[in-house]
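# Inside the fold
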Amino acid sequence: MSTGATTLRMLDRADKEVMKLTRADIGAVYEFMHKFRHNPENPGLNLKALNSESRLMSARVNKDYRALLLHIAARDYLLVAVKHRGEVYDDLSRYAYRINRITGGIEVVDMAPVGDSIIGRVVPPDAEPEPAQKPLFDTYTDTQLLELGVSEPLLPQIRELTTEAQLLELLDRAPQLTTDVLFALFDGTPYDEVLQQVTEPVRADEPVDPDDFEAAVERPATQVTSDDEALQAMLGEAFERWQIFLHPTQRKLVERPYSGPARVGGGPGTGKTIVALHRVAHLARQLPPGVDKPILLTTFNRNLAADLRTRLMALGGQELVSRVDIVNIDRLASRVVAEAKAGGSRRVVDDNRVLELWDEFLLETGATGWEAEFLAAEWTQVILGQVLNSRTDYFKARRPNRGRSLTRAERDQIWQLTERFATWLENRGVWTWRQVAQRAARLEMDRTAQNTGAAGESSGGFYRPRYRHVVVDEAQDLSAAHWKMLRAMVAPGPDDMFLTGDTHQRIYDNHVTLGSLGVNIRGRSSRLTLSYRTTRQILADALQIMSGEVYDDLDGGEENLAGYRSLLRGDRPVFRGASTWAQERDLIVEQLRDWGNAADGSIAICVPTKDLAAEVISRLEGDGLAVVEIGPDGPKRPDGVHIGTMHRFKGLEYQRMIIAGVSDGLVPRQMISRYRDADPKRYQRERQRDRSLLFVAATRARDELAVFWHGTPSPFLTGRLVQRQLA
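Residues numbered from 1 in each chain as written. Predicted model: local features only at pLDDT ≥ 70, side-chain atom pairs only at ≥ 80, totals over all residues. Heavy atoms only, no water.

### Thoughts on the overall build of the protein chain
To keep it simple, the criterion reads: Each helix is a run of DSSP H or I of at least 4 residues and each strand a run of E of at least 2, with the numbering of both proceeding from the N terminus. Categorising residues by exposure relies on relative accessible area from a 1.4 Å probe, with only protein chains included: less than 20% of the type maximum marks a residue as buried, more than 50% marks it as exposed, and the intermediate range marks it as partly exposed. Between two residues, a contact is recorded if the distance between any of their heavy atoms is within 4.5 Å. For the accessible areas, the method is Shrake-Rupley and the probe is 1.4 Å, while residue cover comes only from the protein chains on display.
Across its full length, the protein chain holds 27 helices and 27 strands. Burial statistics for the protein chain: of 727 residues in total, 56% are counted as buried. Taking as baseline every contact in the protein chain between residues at least 6 positions apart, the subset at least 24 positions apart corresponds to 73%. Accessible surface, the protein chain: about 32,100 Å² in total, of which carbon and sulfur atoms supply 48%.

### Some points on the pairing of strand β23 (residues 627-631)
Stated formally: Pairing between two strands requires that DSSP report at least two bridges joining them.
Of all five residues that make up β23, four are buried, and the element is covered over most of its length. Looking at chain direction, β23 and strand β25 (residues 640-645) are connected through three bridges and run parallel. Looking at β25, one finds that Val627 is bridged to Val641. In this sheet, strand β24 (residues 634-635) lies alongside β23 in antiparallel orientation, the contact comprising two bridges. Bridge assignment links Gly631 to a residue of β24, and that residue is Gly634. Counting the residues in the hairpin turn of β23 and β24 gives two residues.

### Considerations on the packing of helix α16 (residues 354-365) against helix α19 (residues 408-427)
Any two packed helices are characterised by the angle at which their axes cross and by the distance between the axes. The condition that has to hold: Each axis is a line fitted through C-alpha atoms, taken for helices only over the stretch in contact, and angles between the N-to-C directions span 0 to 180 degrees. For classification, angles of less than 35 degrees are called roughly parallel, those exceeding 145 degrees roughly antiparallel, those between 65 and 115 degrees roughly perpendicular, and all remaining angles oblique.
Direction vectors running N to C along α16 and α19 enclose 100 degrees, while the axes themselves pass 11 Å from each other. Put simply, α16 runs roughly perpendicular to α19. Between α16 and α19, the residues in contact are Leu357, Trp358, Glu360, Phe361, Glu364 and Thr365 and Leu417, Thr418, Arg420, Phe421, Trp424 and Leu425, respectively.

### Thoughts on the environment of Gln176
Checked against the element boundaries, Gln176 lands in helix α8 (residues 176-186). The exposure class assigned to Gln176 is partly exposed, which follows from its relative accessible area of 23%. Between the C-alpha atom of Gln176 and that of His247, which follows or precedes it by 71 residues, the distance is 7.8 Å.

### A few points about empty space enclosed by the protein
Short version of the rule: Using only the protein atoms, space was sampled on a 1 Å grid; points where a 1.4 Å probe fits but cannot get out form cavities, open sets with protein on both sides within 12 Å along at least five of seven lines form pockets, and lining residues are those with an atom within 4 Å of a point. Grid points are joined across faces, edges and corners, and a volume is the space filled by probe spheres set on the points. Classification used: nonpolar for Ala, Val, Leu, Ile, Met, Phe, Trp, Tyr, Cys and Pro, charged for Asp, Glu, Lys and Arg, polar for all others including Gly.
Per the stated rule, a full pass over the model turns up four cavities of 30 Å³ or more. Here the largest cavity defines a volume of roughly 200 Å³. Lining of the largest cavity is provided by 18 residues; of these, Glu107, Pro175, Gln176, Ala221 and Gln223 occupy positions nearest its centre. Where the lining of the largest cavity is concerned, the elements lending two or more residues are β7 (106-110) and α8. Tallied by class, the residues present in the lining of the largest cavity amount to eight nonpolar, six polar and four charged.

### A short note on the nonpolar core
Cut-off, in case you're wondering: The term nonpolar core refers to a set of buried residues drawn from Ala, Val, Leu, Ile, Met, Phe, Trp, Tyr and Cys, joined through side-chain atoms within 4.5 Å.
In this structure, Leu332, Trp483, Met485, Leu486 and Leu499 are the most contacted members of the largest nonpolar core, which totals 36 residues. Those elements giving two or more residues to this core turn out to be α15 (329-339), α20 (433-451), β14 (469-472), α21 (480-489) and β15 (497-500). Setting aside chain neighbours within four positions, we find Leu332 in contact with Leu296, Val327, Tyr467, Met485, Leu486 and Met489. In terms of nonpolar packing, the next biggest core, distinct from the first, is built from 32 residues, Leu561, Ile659, Ala698 and Ala701 among them.

Here it is, written out as structure tokens:
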């Protein structure tokens with residue numbers, strides 16, 4: 001907000017107009033804002049009311065452009081548009097402003113007519129009259145539309161809409177809630193669902209006074225920025241819109257005070273990471289001055305952690321980032337262990353080697369009676385995952401999602417084997433990231449217990465938790481040990497933990513119930529439903545892939561994608577099958593050719609296995625295409641055609657995507673079929689994980705998606721999707 005005597009804020013929709021201007025005119029807008037903030041009465045600005053009964057005013061930006069301003073209070077103004085001088089004065093009646101009675105936010109609407117159906121058609125006398133088209137929204141009353149939050153000044157134009165093209169033209173300049181509501185109704189969403197999923201999340205918390213503009217400008221629904229932030233957006237043209245503006249639903253979640261841990265869910269592309277970043281910035285702005293890092297921002301994937309740092313720097317600058325500890329969760333655990341000198345000189349090996357190590361241990365020691373796979377899962381998910389320190393703890397432990405039950409004698413055998421295995425690893429000078437997480441959790445839990453009394457108060461007067469606030473992105477990927485460590489790192493209380501994630505995108509075998517780990521999100525869980533990444537057509541097919549599955553919500557309930565939607569439109573995804581893998585590779589080459597063989601990093605190819613990726617790379621390189629493999633640290637170069645396995649695509653997005661090898665036996669993996677009868681719960685869990693991988697891959701595509709298979713298509717592809725190749 002302005003630090004001078006005059007407050008000048010910028011309405012979110014004004015940035016669209018500003019960013020279309022030339023570099024020189026963008027600079028002029030900033031210079032205008034700077035001058036206005038210091039002295040709005042400056043004669044060169046020529047500030048004047050557009051008419052005597054309106055709050056709308058104009059001011060001179062330069063010889064060609066005028067700023068349209070809404071006068072909020074004595075020295076408080078809102079920049080709502082930047083228009084050519086002719087547009088501002090030619091038709092003063094075209095601009096309407098209201099306080100929305102639902103959201104309480106200020107809406108300024110350009111009332112220019114829409115399409116031929118509204119301004120009238122010139123029909124030659126001899127022409128056959130066109131059949132009248134039914135208005136799009138004639139089944140809804142004005143009262144119903146207003147209750148959904150539609151902007152009242154636009155109602156007459158909405159009543160005239162008869163085609164999708166006209167709707168799109170109107171919504172290009174309509175307020176956000178009006179856009180969301182009308183698109184949902186146009187898509188056939190029932191009125192009650194639109195009310196619940198679109199309107200209720202942005203309804204004002206208190207009664208709305210339609211004449212109180214000072215209160216309205218402070219509400220989240222009035223999406224504004226200060227002039228300093230606007231300067232960054234305008235002069236740093238690479239900045240994306242998300243870095244300055246939030247959807248009203250997102251802003252409410254970012255700025256809301258919470259009495260304890262809170263969670264924000266939502267499908268791919270709904271802005272969960274954006275909300276997490278803005279939440280960090282919001283919390284940082286409220287910190288007292290200092291040089292410490294009282295806010296933790298963490299996630300499971302180390303590549304995503306690096307990306308979070310880059311994006312937070314772009315959002316808030318070095319001063320903000322200097323108060324935030326940004327680190328991936330395993331590195332954080334490793335740091336705790338190193339501080340306590342609890343790891344010795346042991347080398348950490350990846351968790352995907354655990355099964356191999358158990359096989360080696362059983363072979364070397366001659367231990368029998370249990371399969372390595374079962375022992376590896378029991379050790380990582382139950383014993384390490386729940387931070388169990390003794391046989392007694394293990395005897396009492398619940399074993400959710402582990403399939404077969406165990407007798408006391410069997411638990412005793414398993415505990416002894418896991419102790420021997422841990423010693424065996426230590427003698428070899430190695431341990432796993434799961435062990436590191438378990439050790440870090442125990443150290444933090446002990447540290448907290450030693451320094452706090454029964455009531456949670458400091459017993460020594462000097463103890464302070466490591467962090468004041470913890471923010472977790474991709475929360476579905478963390479293990480129980482991670483959560484126990486984080487819970488011990490921040491004192492329970494207001495705004496202590498803020499989590500974002502989506503269990504539909506869980507691609508690691510971490511299933512937890514947060515409430516049992518001391519992270520009680522009950523009553524403080526919200527969900528985002530509007531996707532900003534991908535088109536409605538891609539989204540519809542991705543949701544087909546997820547049909548028939550039930551996912552948890554991290555707290556003992558069910559997660560769903562009801563209301564998940566997009567306002568973007570594009571072509572329907574392509575689904576094509578081939579007889580052989582060689583023929584499928586031909587389909588990939590053909591599709592790339594149809595897309596122009598772009599090698600600028602905008603196209604990616606996703607396959608289930610490393611072997612398939614290698615064969616696609618070989619084929620494309622043989623055709624002279626520039627290919628970039630996606631490794632554990634992401635793409636090695638930004639250009640070329642990116643190729644990788646499904647796991648590699650978490651956190652990435654592309655303009656166009658090919659998902660190949662979506663065949664039965666590859667998606668899901670053939671090897672999981674052995675669990676179908678022997679361990680049905682394990683089978684269901686593994687199958688669900690493979691479905692999530694395909695869902696994540698499909699939702700990386702922004703504009704166009706092609707899905708190929710050879711032989712029998714994956715059972716995750718519904719009959720409707722498979723039959724499309726015949727259409």
